[in-house]
Amino acid sequence: MKTFRNPTDVHAPQGMYTHQVEIEGPGRLLILSGQVGARADGSLPEDGLEQLDVVLDNIEGNLAAAGMEMSDVLKITYFLVGEFDLPRLREKMRARFKGHVPCSTMLFVAGLASPAYRVEIEAWASRDE
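Residues numbered from 1 in each chain as written. Predicted model: local features only at pLDDT ≥ 70, side-chain atom pairs only at ≥ 80, totals over all residues. Heavy atoms only, no water.

A.B. asks: Teacher, can you tell me more about the overall build of the protein here?
C.D. replies: Within the protein, the secondary structure is distributed over 2 helices and 6 strands. Secondary structure of the protein in N-to-C order comes out as β-β-β-α-β-α-β-β. Against the compact-globule benchmark of 14 Å for 129 residues, the protein has a radius of gyration of 14 Å, which places it among compact chains. Its C-alpha atoms give the protein principal-axis dimensions of about 40 × 30 × 20 Å. Considering only contacts in the protein between residues 6 or more positions apart, those separated by 24 or more positions represent 68%. (Helix = DSSP H or I, 4+ residues; strand = E, 2+ residues; numbered from the N terminus. Rg over C-alpha atoms; globule rule 2.2 N^0.38 Å. Contact = heavy atoms within 4.5 Å.)

Printed below as a string of structure tokens:
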């Protein structure tokens, strides 16, 4: 069974996509669309590392809506625009994942869906039930 979901505590989709699709079977698979640094009220910090904090809040909000947490994340893909303090980015990620280390891919790209976005992260998560 597939459940498409847009949690109310995460900003509304800003294009033609759903924030998450959950697939139920012996275990559950959750696929998150790329999450950007827009808050639920639509505001967006200018700084890339501040946007990263909001991105992680949005990922956690999506996971919570599916009854999951950061330790259920299997794979993340980073899309970064411009210069980033990578040691600080990694520090923030370690703090959020609390020792859990999912698969990841990091890409530096020319731009995202809006020129104001500096970071986007997509994630896959799974939980055995």
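A.B. asks: Where do I start with the pairing of strand E6 (residues 119–128) in this structure?
C.D. replies: A regular strand carries its side chains on alternate faces of the sheet. With 8 bridges joining them, strand E3 (residues 27–36) and E6 adopt antiparallel strand pairing. Paired with Gln35 across the two strands is Ile121, which belongs to E6. Looking at chain direction, strand E4 (residues 73–80) and E6 are connected through 7 bridges and run antiparallel. The residue of E6 that forms the bridge with Val73 is Ala125. (Pairing = 2+ DSSP bridges.)

A.B. asks: What exactly am I supposed to notice about the environment of Thr8 here?
C.D. replies: Along the chain, Thr8 turns up in the loop between strand E1 (2–5) and strand E2 (20–24). According to the relative accessible area criterion, Thr8 is exposed, its value standing at 82%. The spatial distance from the C-alpha of Thr8 to the C-alpha of Ala40 is 8.1 Å, given a sequence separation of 32 residues. (Buried < 20%, exposed > 50% of the residue type's maximum accessible area, 1.4 Å probe, protein only.)

A.B. asks: It is not clear to me how helix H2 (residues 86–97) should be interpreted in this structure. Could you clarify?
C.D. replies: An α-helical segment advances 3.6 residues per turn. Residues three or four places apart therefore align on the same side. End to end, H2 covers 16 Å across 12 residues, agreeing with the expected 16 Å (1.5 Å per residue, within 8%). Among all positions in H2, only Leu89, Lys92, Met93, Arg96 and Phe97 are buried. Seen along its axis, H2 keeps its buried residues to an arc of 125 degrees; they face one direction. Opposite the packed face of H2, turned more than 90 degrees from it, sit the exposed residues Pro87, Arg94 and Ala95. Contact partners of the buried residues in H2: helix H1 (48–65), E4, strand E5 (103–108) and E6. After H2 finishes, the residue Lys98 shows a positive phi value of roughly 45 degrees. (Expected span 1.5 Å × (residues − 1). Arc of directions from axis to C-beta.)

A.B. asks: Please explain the nonpolar core as it appears in this structure.
C.D. replies: For soluble globular proteins, the rule of thumb is that nonpolar side chains tend to be buried together. Counting residues in each nonpolar core, the largest one holds 23 residues, and the members touching the most others are Leu52, Ile59, Leu63, Ile76, Leu89, Met93 and Ile121. Among the elements of the structure, E3, H1, E4, H2 and E6 are those that each provide at least two residues to this core. Counting residues per element, this core draws most heavily on H1, at 6 residues. Those residues in contact with Leu89 that sit more than four places away from it in its chain are Leu49, Leu52, Tyr78, Leu80, Phe84 and Met106. (Core = buried A, V, L, I, M, F, W, Y, C linked by side-chain atoms within 4.5 Å.)

A.B. asks: Got a minute to help me understand the packing of H1 against H2 in this structure?
C.D. replies: The geometry of a pair of packed helices is captured by two quantities: the angle between their axes and the separation between those axes. It is at 11 Å that the axes of H1 and H2 come closest, and there the two elements cross at 25 degrees. Judged on the interaxial angle alone, H2 and H1 are roughly parallel. For H1 against H2, the interelement crossing comes out right-handed. Counting all contacts with H1, which are made through Leu49, Leu52, Asp53, Leu56, Asp57 and Glu60, the residues of H2 involved are Arg88, Leu89, Lys92, Met93 and Arg96. When grouped by side-chain class, the residues that make up the contact of H1 with H2 number 5 nonpolar, no polar and 6 charged. (Axes fitted to C-alpha atoms, helices over the stretch in contact; angles between N-to-C directions. Parallel < 35°, antiparallel > 145°, perpendicular 65-115°, else oblique. Left-handed = near helix turned anticlockwise from the far one by under 90°. Nonpolar A, V, L, I, M, F, W, Y, C, P; charged D, E, K, R; others polar.)

A.B. asks: Where do I start with the side chain of Arg96 in this structure?
C.D. replies: Looking at the secondary structure, you find Arg96 in helix H2. Among the polar contacts made by the side chain of Arg96, one reaches the side chain of Asp57 at a distance of 2.8 Å. (Polar contact = N/O pair within 3.5 Å; in protein donor to acceptor, adjacent residues only side chain to side chain.)

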